[in-house]
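Chain residues, written in single-letter form:
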Amino acid sequence: MARIVILGAGVMGSAMTLPAAHAGNSISLVGTHLDEEIVASVASTGHHPRLNVTLPAAVVAYPWTGFVDAMSDRPDLLVLGVSSAGVPWAIDRIAESVTSPVPILMVTKGLAARDDGIDILPHVVAREIQRRTALSMPVMAVGGPCIAGELAAQRDTSVMVAGHDADSIAAASRLLRAPFYHARASSDLAGVEICAAFKNFYTLAVGAPVGLLERDNKAPNGALMHNLASSLFSQSLQEMAILVEALGGKIATVRGLAGSGDLYVTCQAGRNGRMGRLLGCGLRYSVAKRDHMSSETVEGAQLALDLGPTLERMMSRGKLPRDRLPLTAAIVEAICHDAPLVLSFDSFHRG
């Protein structure tokens, strides 16, 4: 029986307990300081209030103050399930807890801006832990279409486990092997992570036709705007491929589970699509956020705010081809500069 520690008791981190338990592991689910009610519920009854499922008996829940104890007997795998905003906090906890290398698998999605470009979070985590502890740890990531509630219900889910070390990827995949969780290996860590983050960003655009339809009303024959949404989906993949290649990933990754698969599932429902609808209705981002989604984190919009200035600098310096990224530029303009979302079809699908 292997030992797995999961840091972060939100929906995705907790959903990972299902395949981990099915594979016969013992699991320590450690919440953050924001997960206290969840941890209390799981510890007392096993019920996860946000997933609305009872977690497996192999799961033991701890508050964040129990993380050092959970890590004291070196686990076989540490799953990082905090939000992207919580990554610095998680690095602090890991650095003060580890005395020997532990493989890390990130389900956290996001990217980090640098002065000269964009970095993926697994690289940030590995680099910072090594700087603080002098320990070199393999940091991997999971990408692909995975809705936490479906995984918690043990619905078939296919994902990519990506990293730089094939043995570490294989070992992590074995620890999560379950009839409903189908993990495939990828060496394209950069590509998987860029797709995982930007799928939220592009869903803002793919969701806009719902709002455009509300604004303009149905056609007399009842026609909707599926053609438009499909066009934006295709343009999103085209521009995602440009970004992936420019940032060191492989275009093939965009065509697979991590790119088209994850973008598809993200467009079906969720906060990013709802914000896209509001933008399509003609609202400025600031108004849409303030009046309709003030208490919600919209990951795609947050990515635009975090990386928009960097993307604009990279375009102005020729590191990214502005003329081939019209939808990217339109989303950045809408979110970062609070402008209307303008869909310029004359510039789309030019290759």
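Everything quoted here is computed from the prediction, not taken from an experiment.

1. With respect to the overall build of the protein chain
Here's step 1: A count of helices and strands for the protein chain gives 17 helices and twelve strands.
Here's step 2: Expected size for 351 residues packed as a compact globule is a radius of gyration near 20 Å; at 20 Å, the protein chain falls within 12% of this value.
Here's step 3: Its C-alpha atoms give the protein chain principal-axis dimensions of about 60 × 45 × 35 Å.
Here's step 4: Residue burial in the protein chain is summarised as follows: out of 351 residues, 54% are buried.
Here's step 5: Within the protein chain, residue pairs in contact and separated by at least 24 positions form 72% of the contacts whose partners lie at least 6 positions apart.
Here's step 6: With an accessible surface of roughly 15,200 Å², the protein chain has 51% of that area assigned to carbon and sulfur atoms.
Here's step 7: Between the centroid of the 30 positive side chains of the protein chain and the centroid of its 32 negative side chains there is a distance of 3 Å.

2. Side note on the nonpolar core
Most often, soluble globular proteins keep nonpolar side chains buried together rather than apart.
Here's step 1: One finds Leu111, Phe198, Tyr202 and Ile331 to be the most contacted residues of the largest nonpolar core, which totals 57 residues.
Here's step 2: Examining the composition of this core, we find that twelve residues originate from one element, helix α9 (residues 189-206), more than from any other.
Here's step 3: Filtering out sequence-adjacent residues up to four positions away, isoleucine 331 remains in contact with Phe201, Tyr202, Leu204, Ala205 and Leu341.
Here's step 4: In this structure, Ala15, Leu29, Val161 and Ile169 belong to the second largest nonpolar core, which totals 38 residues.

3. Considering the sheet that holds strand β6 (residues 77-80)
Here's step 1: Strand order in the open sheet formed by eight strands is β5-β2-β1-β6-β7-β10-β11-β12, and the pairing between neighbours is mixed. With partners counted over all chains shown, the strands left at the sheet margins are β5 (59-62) and β12 (181-186), one partner each. Going across the sheet, the axis of each strand differs from the next one's by a mean of 25°, ignoring polarity.

4. Observations regarding the pairing of β12
Here's step 1: Sheet topology note: the strand β11 (residues 157-162)/β12 ladder contains six bridges and is parallel. From the neighbouring strand, valine 161 faces β12, where its bridge partner is alanine 185.
Here's step 2: Considered for its hand, the β-α-β crossover made up of β11, helix α8 (residues 166-175) and β12 is right-handed.

5. What to know about unusual backbone geometry
Here's step 1: Look at alanine 134: it is not a glycine, yet its phi comes out positive at around 65°.
Here's step 2: With respect to the helices, strands and loops of the structure, alanine 134 is situated in the loop between α6 (121-133) and β10 (139-143).
Here's step 3: At asparagine 217, a position not held by glycine, the phi torsion is positive, near 70°.

6. Topic: the environment of alanine 57
Here's step 1: Take alanine 57: it is sitting in the loop between β4 (53-54) and β5.
Here's step 2: The exposed category is assigned to alanine 57, whose relative accessible area is 83%.

7. Brief notes about the pattern of salt bridges
Here's step 1: Taken as a whole, this structure holds 13 salt bridges when the rule is applied.
Here's step 2: Residues aspartate 92 and arginine 132 are paired through a salt bridge, measuring 2.5 Å at the closest nitrogen-oxygen approach. Remark: arginine 132 occurs in helix α6 and aspartate 92 occurs in helix α5 (residues 87-95); sequence separation between them is 40 residues.
Here's step 3: Given a relative accessible area of 28%, aspartate 92 falls into the partly exposed group.
Here's step 4: What makes arginine 132 partly exposed here is its relative accessible area of 39%.
Here's step 5: For the salt bridge of glutamate 96 with arginine 93, the shortest nitrogen-to-oxygen distance reads 2.8 Å.

8. Some thoughts on the packing of helix α11 (residues 226-246) against helix α13 (residues 257-268)
Here's step 1: As a packed pair, α11 and α13 sit with axes 11 Å apart at the nearest point and diverge in direction by 140°. Overall, the two elements α11 and α13 adopt an arrangement that is oblique. Where α11 crosses over α13, the handedness of that crossing is right-handed. Residue-level contacts link Phe233, Ser236, Leu237 and Met240 of α11 to Gly259, Ser260, Leu263, Tyr264 and Cys267 of α13.
Here's step 2: Its residues assigned to classes, the contact of α11 with α13 comprises six nonpolar, three polar and no charged.

9. Side note on the packing of aromatic side chains
Here's step 1: What the rule picks out here adds up to five aromatic pairs.
Here's step 2: With centroids separated by 6.0 Å and ring planes inclined at 35°, the aromatic side chains of phenylalanine 198 and tyrosine 202 adopt a geometry described as tilted. Here tyrosine 202 and phenylalanine 198 lie together in helix α9, a separation of four residues that amounts to about one turn.
Here's step 3: With a relative accessible area of 0%, tyrosine 202 lands in the buried category.
Here's step 4: Members of the aromatic cluster, each reached through a chain of ring pairs, are Phe198, Phe201 and Tyr202.

10. Considering the layout of surface pockets
Here's step 1: By volume, the second largest pocket is sized at about 390 Å³.
Here's step 2: Around the second largest pocket, the lining comprises 17 residues; the ones closest to its centre are Val206, Val210, His226, Ala229 and Cys267.
Here's step 3: The element best represented in the lining of the second largest pocket is α11, accounting for four residues.
Here's step 4: Looking at the lining of the second largest pocket residue by residue, the class counts come to ten nonpolar, five polar and two charged.

Cut-offs and rules
- Residues numbered from 1 in each chain as written.
- Predicted model: local features only at pLDDT ≥ 70, side-chain atom pairs only at ≥ 80, totals over all residues.
- Heavy atoms only, no water.
- Helix = DSSP H or I, 4+ residues; strand = E, 2+ residues; numbered from the N terminus.
- Rg over C-alpha atoms; globule rule 2.2 N^0.38 Å.
- Buried < 20%, exposed > 50% of the residue type's maximum accessible area, 1.4 Å probe, protein only.
- Contact = heavy atoms within 4.5 Å.
- Areas by Shrake-Rupley, 256 points an atom, 1.4 Å probe, with all protein chains shown as cover.
- Lys, Arg positive; Asp, Glu negative; His and termini not counted.
- Charge placed at Lys NZ, Arg CZ, Asp CG, Glu CD.
- Core = buried A, V, L, I, M, F, W, Y, C linked by side-chain atoms within 4.5 Å.
- Pairing = 2+ DSSP bridges.
- Axes fitted to C-alpha atoms, helices over the stretch in contact; angles between N-to-C directions.
- Right-handed = clockwise from strand over helix to strand, strands pointing away.
- Salt bridge = Lys/Arg side-chain N within 4 Å of Asp/Glu carboxyl O.
- Parallel < 35°, antiparallel > 145°, perpendicular 65-115°, else oblique.
- Left-handed = near helix turned anticlockwise from the far one by under 90°.
- Nonpolar A, V, L, I, M, F, W, Y, C, P; charged D, E, K, R; others polar.
- Phe/Tyr/Trp six-rings, centres within 6.5 Å; stacked < 30°, edge-to-face > 60°.
- 1 Å grid on protein atoms, 1.4 Å probe; cavity = no way out; pocket = protein on both sides within 12 Å on 5 of 7 lines; lining within 4 Å.
- Points joined across faces, edges and corners; volume = space filled by probe spheres on them.

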